[in-house]
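Structural description and commentary
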Amino acid sequence: MSYRFLEDVAPADIAFEARAEDLPRLFLAAAEATLNAMIGNPEAIRFAVSKAVHLENTDIEMLLFDLLQELIYHKDAGRLLLRVRRVEIEKREGRFFLTAAAEGEPLDSERHERRADVKAVTLHRFSVQKAGKGWKALVILDI
Amino acid sequence: MGRPAALKRISDSAWELPVTYKTGMRVPARIYATEKLAAGMDDAVWEQAANVASLPGVVKRSLCLPDGHFGYGFPIGGVAAMDIAQGGVISPGGIGFDINCGMRLVKTNLGRAEVEPSLGELVEKLFSAVPAGVGSSGFLKLSRSDFRDVAEQGARWCVERGYGWSEDLELTEDNGCTPGADASKVSERAIERGFSQIGTLGSGNHYLEIQAVREKDLFDADLAKAFGLFPGQIVVMFHCGSRGFGHQVATDYLQLFLSVMESKYGIRTPDRELACAPFDSPEGRDYFAAMTCALNMSFANRQMILHRVREVFAEVFRAAPERLGLHMVYDVSHNTAKLENHVVGGETRRLLVHRKGATRAFGPGMAGIPERYRLVGQPVIIGGSMETGSYLLVGSKEAEEAFFSAPHGSGRTMSRVKARKLWRGRDLQRDMERKGILVRTASWSGLAEEAGAAYKNIDEVVEAAERAGLCRRVARFTPLGCIKG
């Protein structure tokens, strides 16, 4: 799994493309990219706090949208920087169910290299698509 | 793609796309720009302005101002007025995620020579008093219940508790409290995201600057006098919005509107980010009430920042803020939808005017302008990049064609990701210091993203707005000290 920030999309904001061999890893990559838009060194985050995330949606794209919004919510509500460590996605009766484990700690400006205060996930060009044998997602974060 | 072939030049600073340009357009789309700015507009602007022209209830024309660039749904710089009696819609995409992102301009009676020796201390203390960047929280400790009061009462809540002067309310758009707010229409998530953030700047293009007025940059002596400006004067300008609270309100209602727009109201839009509902519907009215809470929270945010600015100046210059002349010039909103009366086809109609990355710019004599400015017009504050400068302008009668709207800033021309590759924050800070601008930032990469060359030329944007009759120049301000998130 991987992600890269895109230069020529959304001049005022931050766009990225994530790729992975399956949907859970794609969601992990997109979550890591969102965190990396907030701080330059996600690897510096210590795992002091755990959050279990349970989401459901009829649309796989909106399920990713919901997961990324969850990270933005915790960044503001508890000043928490969370790394998503594990994602499971199930489909039952036309709905997608996501269970994720996220761990992290409150922002520490001494250790965390602050970047942007991400406002929201936008739906502009937002997509989750099959790409060859794997999956890719395009996400634009409002800054 | 470039400029659309159907684009027609209608004056030296305005262009129009006819209703035949795109299926579904109900009115033309007008873009205000000089030849040079039009040549540099990103392609998305033409398409997005045309998409906005297809929304139900839109009257006269959709607009994009000279600082326009790609946005979500509406372009940044986009304006559209909807007739609410004719099924006109309200759209979060016409307001933006940062509801009531706006500008506040504060004057002083200090001259440049008095401030420059203390500039380093001033910048340092402001950086510490006004938290900036990701993860920052304000000094005001509120309960969730208090926060709901703030959302309904705006800057008035702050002034009643000693965080400001009563004249501050007179000099704030809508007196710092837009009517119609109802905190019961706001989600708990929105409150959780915002209740500790009052008095914080945020990041991105938000800033607090100490600026100077150069004699050659006062364009109209009478207007400058009306606003209390003089050559050599130091002013303070800041730009910020409703923080996580407004962002969550926008996200919540964008999702709600997507779920009902077509199934309940039969509305289809060419872009998901144009999701909307009739203003006169349960969802439309609820969003208006919640969005107005975010407008008010933002007025309160800027009011608390002003309070901190006054405290810092008082400490550094060892004098009361009143003696230092720290009076507001004005506070304007950018990302809003407001009910206003406008003349359409010879009759006055009640319209919902969406302004996204656009400033209300009422002309002389109009209601809604502080009494002391009523004869000259509404102050319009346009923020430039941190390396160039900013402007004070005044609304004009000719802006009726644009629902009395003016630009809000320079407008970006380069992506943040590209800017980050071209500049290093620490180098930029040193370069700016050599040019006489002291900068403190919460983020080096964030600073690099805000390099002056990533923006349009503010002077060209302002010239285009003036030539189009949207507003008139009063003064240009030169940055001396800058706080960035």
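Our structure's up above, just so we're on the same page.
Definitions and limits used
- Residues numbered from 1 in each chain as written.
- Chains lettered and ligands numbered in written order.
- Predicted model: local features only at pLDDT ≥ 70, side-chain atom pairs only at ≥ 80, totals over all residues.
- Helix = DSSP H or I, 4+ residues; strand = E, 2+ residues; numbered from the N terminus.
- Rg over C-alpha atoms; globule rule 2.2 N^0.38 Å.
- Buried ≥ 20, exposed ≤ 12 C-beta atoms within 10 Å, placed from the backbone.
- Contact = placed C-beta atoms within 7 Å.
- Nonpolar A, V, L, I, M, F, W, Y, C, P; charged D, E, K, R; others polar.
- Pairing = 2+ DSSP bridges.
- Axes fitted to C-alpha atoms, helices over the stretch in contact; angles between N-to-C directions.
- Arc of directions from axis to C-beta.
- Parallel < 35°, antiparallel > 145°, perpendicular 65-115°, else oblique.

A word on the overall build of chain B
- Summing up its helical and strand segments, chain B has 15 helices and 19 strands in all.
- On C-alpha atoms alone, chain B measures out to a radius of gyration of 21 Å, which is about the 23 Å that the 2.2 N^0.38 rule sets for 485 residues.
- Along the first, second and third principal axes, the C-alpha atoms of chain B reach 60 × 50 × 50 Å.
- Residues counted as buried form 63% of the 485 residues belonging to chain B.

A closer look at the interface of chain A and chain B
- Across the contact, 30 residues belong to chain A and 35 residues belong to chain B.
- Of all the secondary-structure elements, those providing two or more residues to the side of chain A that touches chain B are strand S1 (2-6) and helix H2 (60-77) of chain A.
- A per-element tally of the side of chain A that touches chain B places H2 of chain A first, with 5 residues.
- Each residue belonging to the side of chain A that touches chain B can be placed in one class, and the counts come to 15 nonpolar, 4 polar and 11 charged.

Quick look at the sheet that holds strand S13 (residues 347-356) of chain B
Residue and element names in this part refer to chain B.
- Sheet architecture is open: 7 strands sit in the order S1-S2-S3-S4-S5-S13-S12, paired in mixed fashion. Edge positions in the open sheet fall to strand S1 (8-11) and strand S12 (336-344), since each of these has one partner strand only. Neighbour-to-neighbour, the strand axes of the sheet open up by a mean angle of 30°, direction not taken into account.
- Strand direction decides the pairing type here: S1 and strand S2 (residues 14-17), joined by 3 bridges, are antiparallel. Looking at the pairing, Arg 9 lines up with Trp 15 of S2.
- Each of S2, strand S3 (29-32), strand S4 (62-69) and strand S5 (76-83) touches helix H2 (residues 43-52); the most contacted strand, S4, lies at about 155° to it.
- Across the face of the sheet, helix H15 (residues 458-467) comes into contact with S3 and S4 while running at roughly 150° to S4.

Observations concerning the sheet that holds strand S5 (residues 95-106) of chain A
Residues and elements named next belong to chain A.
- What the 3 strands build is an open sheet, ordered S3-S5-S4; its pairing is antiparallel. Looking at the sheet topology across the chains shown, the edges are occupied by strand S3 (49-57) and strand S4 (80-92). Within the sheet, the average angular offset between the axes of one strand and its neighbour, ignoring direction, is 20°.
- Alignment of S4 against S5, held across 12 bridges, turns out to be antiparallel. Residue Glu 88 lies in a different strand from S5, and its bridge partner there is Thr 99.
- Sitting on the sheet, H2 touches S3, S4 and S5, and the angle it makes with S3 is about 150°.

Some details on unusual backbone geometry
All names here are of chain B.
- The backbone of Lys 60 shows a phi angle near 65°, a positive value even though the residue is not glycine.
- Mapping Lys 60 onto the fold places it in the loop between H2 and S4.
- You can call Lys 60 partly exposed: it has 19 C-beta atoms within 10 Å.
- Of note in the backbone geometry, Arg 243 takes a positive phi value of approximately 55° without being a glycine.
- The exposure class assigned to Arg 243 is buried, which follows from the 32 C-beta atoms found within 10 Å.

What to know about helix H13 (residues 425-434) of chain B
Residue and element names in this part refer to chain B.
- Those residues of H13 not exposed but buried are Gly 425, Leu 428 and Gln 429. One side of H13 carries all its buried residues, which in axial view fall inside an arc of 105°. In H13, the exposed positions angled more than 90 degrees off the buried face are occupied by Arg 426, Asp 427, Arg 430 and Arg 434.
- The secondary structure elements touched by the buried residues of H13 are strand S18 (438-441) and helix H14 (444-449).

So, the packing of helix H5 (residues 144-153) of chain B against helix H11 (residues 282-317) of chain B
Residue and element names in this part refer to chain B.
- Where H5 contacts H11, the two axes come as close as 6 Å, and the packing angle between them is 95°. It follows from the interaxial angle that H5 and H11 lie roughly perpendicular. Facing Val 150, Ala 151, Glu 152 and Gln 153 of H5, the residues of H11 in contact are Cys 293, Asn 296, Met 297 and Ala 300.
- Here the residues of the contact of H5 with H11 sort into 5 nonpolar, 2 polar and 1 charged.

Brief notes about the pairing of S5 of chain A
Residues and elements named next belong to chain A.
- When S3 meets S5, the two strands line up antiparallel, connected through 9 bridges. Looking across to S5, one finds that Val 53 is bridged to Ala 100.
- Counting the residues between successive antiparallel strands, the hairpin from S4 to S5 contains 2 residues, one of them, Glu 93, with a positive phi of roughly 50°.

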